[in-house]
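Secondary and tertiary structure notes
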Amino acid sequence: MNILNFIDAFFSDSARWQGYDGIPTRFLEHVEYTLMALGIAAAIGLPVGLITGHTGRGGNTLALIATAARALPSFGLMVLMFVLLGLGLAPVMIPLVVLAVPPILVTTYEAVRSVDPAPVDAARGMGMAEPAILLRVEVPVALPLILSGLRSAAIQIVSTATIAAYVSFGGLGRYIVDGLYQRDYEKVVGGATLVAVLALVTLGLFWAVARLTVSRGVRRPNAAA
């Protein structure tokens, strides 16, 4: 039985589409974990990246923090948090947030630092306050790169949130973990397919957001490149 047969059997089974273990329920759980972790990571990474990028201070420290965070194994960290904190949402969220903060933080910093200094100096010459310069001059130009950092973090969360199933949480990882335990490879392949579909949907959403929020004047040079 090849992978396509597994996929067809999984999605054609009507029992998969209802109940607490149904595809809609597990899909929404996975989306919930992803949005929660991405929101927390963005609340940490965006302000720090914007401020340090605007001031030009702390770049080496950010690089060190990002490198250290990326070196941490998400599954090992989740198990450690589970041992320390017990069953709950925190042992799942902490590894996902730790995974997502570095790409948001570093990309945001680099995005702001890469903004042409000429309009920034002109804004200062006009008497604009530093917060206004950051939000009205630098952020609109840096937005494509900032969104790329958020997109990268979101994709990593989508793929890694499957580990939540190892500590008895839901999400699409339930199909993979339970399928391996039960030797039900139809379920394993179906779960992996759903994770891939969610990753593609996430990419599409970020593409749409970029089309709606990034000005044409900023998009065109990137498209030409």
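Definitions and cut-offs
- All residue numbers refer to positions counted from 1 along the written sequence of the respective chain.
- Per-residue local features are limited, in this predicted model, to residues with pLDDT of at least 70; the limit for side-chain atom pairs, both in listing and counting, is 80 or more; totals at the level of whole chains, interfaces and linings are taken over all residues.
- Calculated side-chain values reflect all of the structure's heavy atoms, with hydrogen atoms and water omitted.
- In this analysis the probe radius is 1.4 Å and the grid spacing 1 Å, with only protein atoms considered; a cavity is a set of points the probe fits into but cannot get out of, a pocket is an open set with protein on both sides within 12 Å along at least five of seven lines, and lining residues have an atom within 4 Å of a point.
- Grid points are joined across faces, edges and corners, and a volume is the space filled by probe spheres set on the points.
- The way it works is that DSSP assigns letters per residue, a run of H or I at least four long becomes a helix, a run of E at least two long becomes a strand, and they are numbered from the N terminus.
- Should a side-chain nitrogen of Lys or Arg be within 4 Å of a carboxyl oxygen of Asp or Glu, the pair is scored as a salt bridge.
- Under the scheme applied here, a residue whose accessible area is under 20% of the maximum for its type counts as buried, over 50% as exposed, and between as partly exposed, the area being computed with a 1.4 Å probe on protein chains only.
- Per-residue confidence from the predictor is reported as pLDDT, which spans 0 to 100.
- Note on contacts: a residue pair is in contact if any heavy atoms of the two residues lie within 4.5 Å.
- A helix's residues, less one, multiplied by 1.5 Å, set its expected span.
- Aromatic rings from Phe, Tyr and Trp, taking only the six-membered ring of Trp, are treated as a pair when their centres fall within 6.5 Å; an angle between ring planes under 30 degrees marks them as stacked, one over 60 as edge-to-face, and anything in between as tilted.
- Axes, fitted as lines to C-alpha atoms, cover a helix only where it is in contact. Angles between the N-to-C directions of the axes lie from 0 to 180 degrees.
- The hand of a helix crossing depends on one turn: near helix anticlockwise from the far one by less than a right angle means left-handed, and clockwise means right-handed.
- Amino acids outside the nonpolar list (Ala, Val, Leu, Ile, Met, Phe, Trp, Tyr, Cys, Pro) and the charged list (Asp, Glu, Lys, Arg) are all regarded as polar, and Gly is one of them.

1. Considerations on empty space enclosed by the protein
Under the counting rule described, the total for this entry stands at one cavity of 30 Å³ or more. Of the pockets and cavities examined, the largest cavity occupies roughly 50 Å³. If you trace the largest cavity, you find it lined by Ala69, Arg70, Leu72, Pro73, Ser74, Leu77, Pro95, Val98 and Leu99. For the lining of the largest cavity, the elements supplying multiple residues, two or more each, are helix H3 (59–71), helix H4 (74–85) and helix H5 (90–113). If one sorts the elements of the lining of the largest cavity by residue count, H5 sits on top with three residues.

2. Regarding the pattern of salt bridges
Under the counting rule described, the total for this entry stands at eight salt bridges. One salt bridge in this structure joins aspartate 13 and arginine 16, with 3.9 Å as the shortest N-O distance. In this structure, glutamate 29 engages arginine 26 in a salt bridge whose closest nitrogen and oxygen atoms are separated by 2.9 Å. Separated by three residues within a single helix, glutamate 29 and arginine 26 lie in helix H2 (residues 23–55), roughly one turn from each other. Look at arginine 26 and you get buried, because its relative accessible area is 7%. Via salt bridges that share partners, Asp13, Arg16, Asp184 and Glu186 belong to a single interconnected network.

3. Quick word on the confidence of the model for the chain
Averaged over all residues, the pLDDT of the chain equals 86, while 96% of them reach at least 70. Predicted confidence for residues 221–225 stays below pLDDT 50, and this span has one contact to residues more than four positions away or in other chains.

4. Observations regarding H2
In this model H2 runs 47 Å from its N-terminal to its C-terminal C-alpha over 33 residues, within 8% of the 48 Å that 1.5 Å per residue would give. Looking at the residues trailing H2, positive phi occurs at glycine 56, about 80°.

5. Some remarks on the packing of aromatic side chains
Applying the stated criterion across every chain yields a total of three aromatic pairs. Between phenylalanine 10 and phenylalanine 11, the aromatic rings sit 5.0 Å apart at their centres with planes inclined by 85°, giving edge-to-face as the arrangement. Overall, the relative accessible area of 24% leaves phenylalanine 11 in the partly exposed class. With a centroid separation of 6.3 Å and an interplanar angle of 45°, the aromatic rings of phenylalanine 11 and tryptophan 17 are classed as tilted. Taken together, the aromatic side chains of Phe10, Phe11, Trp17 and Tyr175 make up a single cluster linked through ring pairs.

6. Quick look at the packing of H2 against H5
It is the contact of H2 with H5, at a shortest axis distance of 7 Å, that shows an interaxial angle of 30°. The crossing of H2 and H5 is right-handed. Broken down by class, the residue content of the contact of H2 with H5 amounts to 20 nonpolar, seven polar and one charged.

7. Topic: unusual backbone geometry
Backbone geometry at arginine 183 places phi at a positive 60°, although glycine is not the residue there. You can see arginine 183 is positioned in the loop between helix H8 (173–182) and helix H9 (185–213). Using a relative accessible area of 65% as the deciding quantity, one classes arginine 183 as exposed.

8. Focus on the packing of H4 against H5
Running from amino to carboxyl end, H4 crosses H5 at an angle of 145°, the nearest separation of the two axes being 8 Å. Considering the relative orientation of H4 and H5, their crossing is right-handed. On the side of H4, the interface is formed by Ser74, Leu77, Met78, Met81, Phe82 and Leu85, while H5 contributes Ala90, Pro91, Ile94, Pro95, Val98 and Leu99. Taken together, the residues that form the contact of H4 with H5 break down as 11 nonpolar, one polar and no charged.

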